[in-house]
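So the chains spell out like this:
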Amino acid sequence: MKILEIILSLSSGGAERLVVDLSNELSQQESVSLLVLKNLKNGNNAFYRNDVSNNVDVINLGLEDDFDITYLYNVFSAVKDINPDVVHIHGASDKYCLLPMIFHSKSVKYVQTIHNDVKSYCDLLHKFIIRVLGGLGRLGFVTISKKNHDDFNICYPSISNTLICNGRAELKESDKFQEVKSRIDSLKNDDSTIVILHVARCAKQKNQHLLIKSFNKWVENGANAILLICGGGYDSDLGKSIRAISGKSVHFLGEKNNISDYLMNCDALILSSLYEGMPITVIEAMSLKVPVLSTPVCGVVDVIENGENGYISNDFTEESFLCMLQEFGKNFLKIKEQCKKNKSNRFSISRCAESYLDLFRN
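Procedures and definitions
- What you see as residue numbers is a count from 1 along each chain, following the sequence as written.
- This being a predicted model, a pLDDT of at least 70 is required before a residue's local features are given, and a value of 80 or more before pairs of side-chain atoms are given or counted; all residues contribute to the totals for chains, interfaces and linings.
- No hydrogens and no water enter the side-chain calculation; it runs on all heavy atoms of the structure.
- Centre distance within 6.5 Å is the pairing criterion for rings of Phe, Tyr and Trp, where only the six-membered ring of Trp is used; planes under 30 degrees apart are then read as stacked, over 60 as edge-to-face, and the remainder as tilted.
- By the criteria applied, helices consist of DSSP H or I runs no shorter than four residues and strands consist of E runs no shorter than two, each listed in order from the N terminus.
- Think of it in three bands: residues with accessible area under 20% of the maximum for their type are buried, residues over 50% are exposed, and the middle band is partly exposed, with areas taken using a 1.4 Å probe on protein chains only.
- Here, a charge over a ring is recorded when the distance from Lys NZ or Arg CZ to the ring centre is within 6 Å and its angle to the ring normal is within 35 degrees.
- To get an axis, fit a line to the C-alpha atoms, keeping to the stretch in contact for a helix; angles then go from 0 to 180 degrees between the N-to-C directions.
- Working rule for angles: under 35 degrees goes down as roughly parallel, over 145 as roughly antiparallel, 65 to 115 as roughly perpendicular, anything else as oblique.
- Rotating anticlockwise by less than a right angle from the far helix to the near helix defines a left-handed crossing, while the corresponding clockwise rotation defines a right-handed one.
- In this analysis, two residues are considered to be in contact whenever any of their non-hydrogen atoms come within 4.5 Å of each other.
- Any two strands with at least two DSSP-identified bridges between them are counted as paired.
- Crossover handedness is defined by viewing with both strands directed away from the observer: a clockwise path from the first strand over the helix to the second marks the crossover as right-handed.
- For the purposes of these results, a polar contact is taken to be a pair of N or O atoms within 3.5 Å, where, inside protein, one atom must be able to donate a hydrogen and its partner to accept one; residues adjacent in sequence count only when each atom of the pair is a side-chain atom.
- The patch calculation keeps residues exceeding 30% relative accessible area without a salt bridge and links them within 9 Å when they carry like charges or within 5 Å when they are nonpolar (Val, Leu, Ile, Met, Phe, Trp, Tyr).
- Working definition of accessibility: Shrake-Rupley area with a 1.4 Å probe, residue cover restricted to the visible protein chains.
- For this analysis, a salt bridge means a side-chain nitrogen from Lys or Arg found within 4 Å of a carboxyl oxygen belonging to Asp or Glu.

A. Structural view of the packing of aromatic side chains. Applying the stated criterion across every chain, the model contains eleven aromatic pairs. Summarising the aromatic geometry, the rings of Tyr-73 and Phe-76 are spaced 6.4 Å apart at their centres and angled 40 degrees between planes, so their arrangement reads as tilted. With Tyr-73 and Phe-76 both in helix α2 (residues 70–82) and three residues apart, this pair spans about one turn of that helix. The exposure class of Tyr-73 is exposed, given its relative accessible area of 54%. Classification of Phe-76 as buried rests on a relative accessible area of 18%. Between the aromatic rings of Tyr-234 and Phe-252, the centroid separation amounts to 5.3 Å while the plane-to-plane angle is 55 degrees, which identifies the pairing as tilted. Taken together, the residues Tyr-234 in the loop between β9 (225–230) and α8 (237–244) and Phe-252 in strand β10 (residues 250–254) connect sequence positions 18 residues apart. An aromatic cluster is present here, built from Phe-67, Tyr-71 and Tyr-96 joined pairwise through their rings. The ring of Tyr-48 is capped by Arg-17, whose NZ or CZ atom sits 4.5 Å from the centre of that ring.

This is the structure we're talking about:
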């Protein structure tokens, strides 16, 4: 079977991380090509490029960021030349694939993974793609968490979708582990300081204003804690406004390609998102037995239980988020011990890849 994975870029996002891991895993059994639409020489579009296996044929169309109608033909031509048996579409690359989905050979299977909250796919184009192409059977859909799956069924009751939970390749210490440990130790107030890690780009979806305001109040109320933020975009106007309200216990570390080292040296991963699908960072934290703190977003509510492997705020208010932090502060040693006892890893990339292969074959 010849599989074509399509994504906009290989920047430092969850969908991009999954595509790389999935392509690498699938390439152990099948022929896999990875079509990256945006120019890998621009910005951080190539953030995960070096993580792609040599078994995967990477093809870069080199498109610019601003959408151009001619890009539809470029993608159509590329897909036709590759001539795959299955085309697997990720993220916002779906609109670039309209021509091949409509006019390409009917023997080719098209599948799109919904990487975010279904309700965020609310514009007319996405509704057209799901209702029309899905209704015609030209495009199949994959949802990535139970809540994601249930929401899809509510929004599009006549369109079928397959639930395949996200997966992640095994995480290990990098050669920078000791350097990271020393850096974090130098930021701590003392040996009992609680280290909270936030891994996300600066974006309205990630709701970092809520995170910073709540964390500041937690520290002001006496918590011995620091917040480490790994991600890009904090030099933007939004990022500057977030930095401006950050207290001295908040540290911006930039984008990192060795997140496992940071997770292994923190006491909890924290998310403040307004919506998600199934965050890869949560899967990474769970695989390393790290507690997760989060707003009640899609995906997280399926895998985190209050007081067991983390905490979820009751809603998206500052008061609720602060209460969650305070509850974790009282019980974090107990929660960490409970997480260490969990030996299963239901989010392995091998299990995820097998599920996709079953779907592609059937």
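B. Layout of the packing of helix α7 (residues 208–220) against helix α12 (residues 318–340). Their axes nearest at 9 Å, the elements α7 and α12 cross at an angle of 50 degrees. In terms of their interaxial angle, α7 and α12 are classed as oblique. At the point where α7 passes α12, the crossing takes the right-handed sense. Facing α7, whose interface residues are Leu-210, Leu-211, Lys-213, Ser-214, Phe-215, Lys-217 and Trp-218, α12 presents Glu-318, Phe-321, Leu-322, Leu-325, Gln-326 and Gly-329.

C. Highlighting the sheet that holds strand β8 (residues 194–199). Strand order across the open sheet formed by six strands is β10-β9-β8-β11-β12-β13, with parallel pairing between neighbours. Both edges of this open sheet fall to β10 and β13 (310–312), since each of them pairs with a single strand only. In this sheet, adjacent strand axes meet at a mean angle of 25 degrees when their direction is disregarded. With six bridges connecting them, β8 and β9 associate as parallel partners. Across the sheet, the residue bridging to Val-195 is Ile-226, located in β9. Strands in contact with α7 are β8, β9, β10 and β11 (268–270); relative to β9, the strand with the most contacts, it is inclined by about 160 degrees. Packing against the sheet, α12 makes contact with β8, β11, β12 (292–294) and β13, and its axis sits at approximately 165 degrees to β13.

D. Summary view of the pairing of strand β6 (residues 140–143). As judged from the four bridges shared by strand β5 (residues 109–114) and β6, these two strands associate in the parallel manner. Across the sheet, Thr-113 pairs through a bridge with Val-142, a residue of β6. Note: β6 against strand β7 (residues 162–163), two bridges, orientation parallel. Pairing of Val-142 across the sheet is with Thr-162, part of β7. Crossover handedness for the path β6 to helix α5 (residues 146–155) to β7: right-handed.

E. Main features of the side chain of Glu-276. Mapped onto the elements of the fold, Glu-276 is located in the loop between β11 and α10 (280–287). With relative accessibility at 7%, the residue Glu-276 sits in the buried group. Within the structure, Glu-276 has its side chain in polar contact with the side chain of Lys-206 (distance 2.7 Å). In contact with Glu-276, not counting residues within four places along its chain, are Asn-116, Asp-117, Gln-205, Lys-206, Leu-271, Val-297 and Cys-298.

F. Quick peek at unusual backbone geometry. Backbone geometry places Asn-207, a non-glycine residue, at a positive phi of 55 degrees. One can find Asn-207 in the loop between β8 and α7. On the accessibility criterion, Asn-207 (15% relative accessible area) is buried. You will see that Lys-289, though not glycine, has its phi angle at about 65 degrees, which is positive. Among the secondary structure elements, Lys-289 is positioned in the loop between α10 and β12.

G. Up close: the environment of Ser-53. In this structure, Ser-53 sits in the loop between β2 (31–38) and β3 (57–63). Residue classification places Ser-53 among the partly exposed residues on the basis of a relative accessible area of 23%. Distance from Ser-53 to Phe-128, taken between C-alpha atoms, is 35 Å for residues 75 residues apart in sequence. Once you skip the residues sitting within four places of it in the chain, Ser-53 turns out to touch Asn-24 and Ser-27. Within the structure, Ser-53 has its side chain in polar contact with the backbone nitrogen of Asn-55 (distance 3.0 Å).

H. Here's a closer look at a nonpolar patch on the surface. A cluster of nonpolar residues, Leu-125, Phe-128, Val-132 and Leu-136, forms a patch on the protein surface that exposes about 340 Å² of accessible area. Following the sequence through the fold, Val-132 ends up in helix α4 (residues 124–135).

I. Spatial organisation of the sheet that holds β6. Sheet architecture is open: seven strands sit in the order β3-β2-β1-β4-β5-β6-β7, paired in parallel fashion. Unpaired on one side and paired on the other, β3 and β7 mark the two borders of the sheet. Of the strands in this sheet, β1 (2–7), β2 and β4 (86–90) are in contact with helix α1 (residues 14–26), which crosses β1 at around 165 degrees.

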